[in-house]
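Next come the chains, spelled out residue by residue.
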Amino acid sequence: MSPKFNIAPLSDWPINTAFPFIISGPCSAESEAQVLESAHALKKTGKVSLLRAGIWKPRTRPNSFEGIGAPALEWLMKAKAETGLPLTTEVANAYHVEACLKAGVDVLWIGARTTVNPFSVQEIAEALKGVDIPVIIKNPINPDLQLWIGALERLQLAGINKLMAMHRGFSSSQKSIYRNDPMWELPIALMSQHPEVPIICDPSHISGNRELLLPVAQKAFDLGMQGVMIESHPNPDKALSDKAQQVVPERFKEIIDSIQFRRTHNNDIDQEAALATLRSRIDEIDRGVIKLLAERMDVAMEIGTFKKKHDITILQLDRWIEIFNTRSEHALELGFSEDFITSFLEQLHKESIRIQTKVMNNMKD
Ligand code: PEP
Ligand code: MN
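Just so it is clear, the model here is predicted, and its values are computed rather than measured.

## Some thoughts on the nonpolar core
So, step 1. With 68 residues, the main nonpolar core has Leu128, Val135, Ile137 and Leu155 as its most contacted residues.
So, step 2. Ranked by residue count, the leading element in this core is helix 6 (residues 145-157), at 6 residues.
So, step 3. Aside from chain neighbours lying at most four places away, what touches Val135 is Leu108, Ile110, Leu128, Leu155, Ile160, Lys162, Leu163 and Met164.
So, step 4. Counting residues in hydrophobic clusters, the runner-up holds 12 residues, among them Ile15, Leu50, Ile200 and Met229.

Right under this line is the structure:
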């Protein structure tokens, strides 16, 4: 596990970071009028802590709208001057960083396609040496926690201590309702290993469509994240990038108003006690589950000894298929998800094979 980051408290950021920390604005800055209209409409919602707009757009295919570039910084600064909303935009190289610092952008974010590349992250980190500016780092497009942590480390080594992570989902070959698979276990792993790093969610790039924004945002808050970034546009259907996932500022406000902000900790002693009782039941059940698994592995070991004695292969395909089908059927009847039981049985089988392989080869631990 990597050492703890040295993170400045959110209250040290030069902008309002009170919970819930909400970022909104168009996917891309398209024209001065669009940026100003977005900023005024978002200001009116009273929900926004930070205004976003992409200026350099990393697009999957060439010949799509790749952003206005540095000239759009002036529109953003004008929006800030007129509304008082601080600004954030995506940087992907040293030139972007310099242009943003010169213009006075308040917060920088590093996009998923950049976090994936240590050369680019290092270039950004070096351009930020000696600069005190908050940086938000999106997860890399591929589900690699180490790359995400590595990017945070590179910025930290450059002296940045106003750091935040942003979860935006991961590319996946699996067909899914999401544009980017949330794989919630990854941000949860980051939070468990580095509870000191504040984390927010980007429901827009996870969802890829308007309908999923609210459930994804709700889930992020239910997992204890501190904020969300939701793309909004005065006329989403005419947006030059990511039109299916953008919403008008009024809908953005409705989404934020519909989120239930639950507490991560409860100050009510009776409720805490009731929760502690339930948790002690879970603790006991988990101990029982692990003990049963150990008993199962003891039997697997005996079977391994038997197979060795009688020269039988470890994998008996018919038996594995039978185990898989009967256990899945039983688990589905009990309400488990197919995903869960499949990966559980695969892990169980993998461990049995590992134990039997050890027996077969007379291996020691
Ligand atoms: C964006 O926020 O507009 C963006 C390009 O996001 P990501 O880096 O998550 O793809
Ligand atoms: Mn976008």
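## Focus: the pairing of strand 3 (residues 87-90)
So, step 1. Along strand 3, one buried face is formed by Leu87 and Thr89 and the opposite face, lined by Thr88 and Glu90, is buried too.
So, step 2. Judged from the 2 bridges that link them, strand 2 (residues 50-52) and strand 3 form a sheet pairing that is parallel. Bridge pairing links Leu51 to Leu87 in strand 3.
So, step 3. Following the backbone out of strand 2, through helix 2 (residues 71-83) and into the adjacent parallel strand 3, one traces a crossover that is right-handed.
So, step 4. Pairing of strand 3 with strand 4 (residues 107-110) involves 3 bridges; the strand directions are parallel. Residue pairing in the sheet places Glu90 in a bridge with Trp109 of strand 4.

## Considerations on unusual backbone geometry
So, step 1. That bond from Phe19 to Pro20 is cis: its omega, -10°, falls within 30 degrees of zero.
So, step 2. Positive phi is not limited to glycine here, since Asn63 has a value of about 65°.
So, step 3. Looking at where Asn63 falls in the secondary structure, it is placed in the loop between strand 2 and helix 2.
So, step 4. Of note, Asp242 is a non-glycine position whose phi angle comes to about 50°, a positive value.
So, step 5. With respect to the helices, strands and loops of the structure, Asp242 is situated in the loop between strand 8 (227-231) and helix 10 (249-258).

## What to know about the pattern of salt bridges
So, step 1. Enumeration according to the criterion identifies 13 salt bridges in this entry.
So, step 2. Taking the shortest distance from any N to any O, the salt bridge between Asp106 and Lys80 comes out at 2.8 Å. Here Asp106 is found in the loop between helix 3 (94-103) and strand 4, whereas its partner Lys80 is found in helix 2, with 26 residues between them in sequence.
So, step 3. Assessed through its relative accessible area of 14%, Asp106 is described here as buried.
So, step 4. The shortest N-O distance in the salt bridge between Arg210 and Asp237 comes to 3.1 Å. Of this pair, Arg210 sits in the loop between helix 8 (203-207) and helix 9 (213-222) while Asp237 is found in the loop between strand 8 and helix 10, placing the two residues 27 residues apart along the sequence.
So, step 5. For Arg210, a relative accessible area of 26% gives the class partly exposed.

## So, the side chain of Ser352
So, step 1. Inspection of the secondary structure assignment puts Ser352 in helix 13 (residues 338-360).
So, step 2. Look past the residues within four positions of Ser352 in its chain and what remains in contact with it is Arg296, Met297 and Ala300.

## Digging into the site of ligand 1
So, step 1. Close contacts around ligand 1 come from 13 residues, with Arg52, Ala112, Arg113, Lys138 and Arg168 the closest.
So, step 2. The contact in question runs from an oxygen atom of ligand 1 to an N or O atom on the side chain of Arg168, over 2.6 Å.
So, step 3. Between ligand 1 and the protein, one listed contact pairs an oxygen atom with a side-chain N or O atom of His205 at 3.3 Å.
So, step 4. Here ligand 1, which alone exposes 300 Å², has 97% of that area covered by the protein.
So, step 5. Of all elements in the fold, only helix 4 (112-115) and strand 8 reach the threshold of two or more residues within the shell around ligand 1.

## Side note on the packing of helix 5 (residues 118-127) against helix 6
So, step 1. In contact at an axis separation of 9 Å, helix 5 and helix 6 are set at 20° when each is read in the N-to-C sense. Considering their axes alone, helix 5 and helix 6 lie roughly parallel with respect to each other. Here the hand of the crossing between helix 5 and helix 6 comes out right-handed. Of helix 6, the residues touching helix 5 (which contributes Pro118, Val121, Gln122 and Ala125) are Leu147, Ala151, Arg154 and Leu155.
So, step 2. By residue class, the composition of the contact of helix 5 with helix 6 is 6 nonpolar, 1 polar and 1 charged.

## A word on the coordination of the manganese ion (ligand 2)
So, step 1. Here the manganese ion (ligand 2) is held by the protein donor atoms Cys27 (SG), His205 (NE2), Glu231 (OE) and Asp242 (OD), which lie 2.0 to 2.4 Å from it.
So, step 2. Assessed through its relative accessible area of 0%, Glu231 is described here as buried.
So, step 3. You can call Asp242 buried: its relative accessible area is 16%.

## Some thoughts on the packing of aromatic side chains
Two descriptors summarise a pair of aromatic rings, namely the distance from one centre to the other and the angle between the planes of the rings.
So, step 1. Counted according to the given criterion, the structure contains 8 aromatic pairs.
So, step 2. With a centroid separation of 6.0 Å and an interplanar angle of 85°, the aromatic rings of Trp13 and Phe21 are classed as edge-to-face.
So, step 3. The exposure class of Trp13 is buried, given its relative accessible area of 4%.
So, step 4. Summarising the aromatic geometry, the rings of Phe221 and Phe261 are spaced 4.8 Å apart at their centres and angled 85° between planes, so their arrangement reads as edge-to-face. Highlighted residues: Phe221 in helix 9 and Phe261 in the loop between helix 10 and helix 11 (269-309), separated in sequence by 40 residues.
So, step 5. We classify Phe221 as buried; its relative accessible area is 5%.
So, step 6. The class of Phe261 is partly exposed, set by a relative accessible area of 34%.

The rules we used
- Residues numbered from 1 in each chain as written.
- Chains lettered and ligands numbered in written order.
- Predicted model: local features only at pLDDT ≥ 70, side-chain atom pairs only at ≥ 80, totals over all residues.
- Heavy atoms only, no water.
- Core = buried A, V, L, I, M, F, W, Y, C linked by side-chain atoms within 4.5 Å.
- Buried < 20%, exposed > 50% of the residue type's maximum accessible area, 1.4 Å probe, protein only.
- Helix = DSSP H or I, 4+ residues; strand = E, 2+ residues; numbered from the N terminus.
- Contact = heavy atoms within 4.5 Å.
- Pairing = 2+ DSSP bridges.
- Right-handed = clockwise from strand over helix to strand, strands pointing away.
- Salt bridge = Lys/Arg side-chain N within 4 Å of Asp/Glu carboxyl O.
- Near = heavy atom within 4 Å.
- Polar contact = N/O pair within 3.5 Å; in protein donor to acceptor, adjacent residues only side chain to side chain.
- Areas by Shrake-Rupley, 256 points an atom, 1.4 Å probe, with all protein chains shown as cover.
- Axes fitted to C-alpha atoms, helices over the stretch in contact; angles between N-to-C directions.
- Parallel < 35°, antiparallel > 145°, perpendicular 65-115°, else oblique.
- Left-handed = near helix turned anticlockwise from the far one by under 90°.
- Nonpolar A, V, L, I, M, F, W, Y, C, P; charged D, E, K, R; others polar.
- Donors = N, O, S within 2.8 Å, 3.2 Å for Na, K, Ca; no water.
- Phe/Tyr/Trp six-rings, centres within 6.5 Å; stacked < 30°, edge-to-face > 60°.

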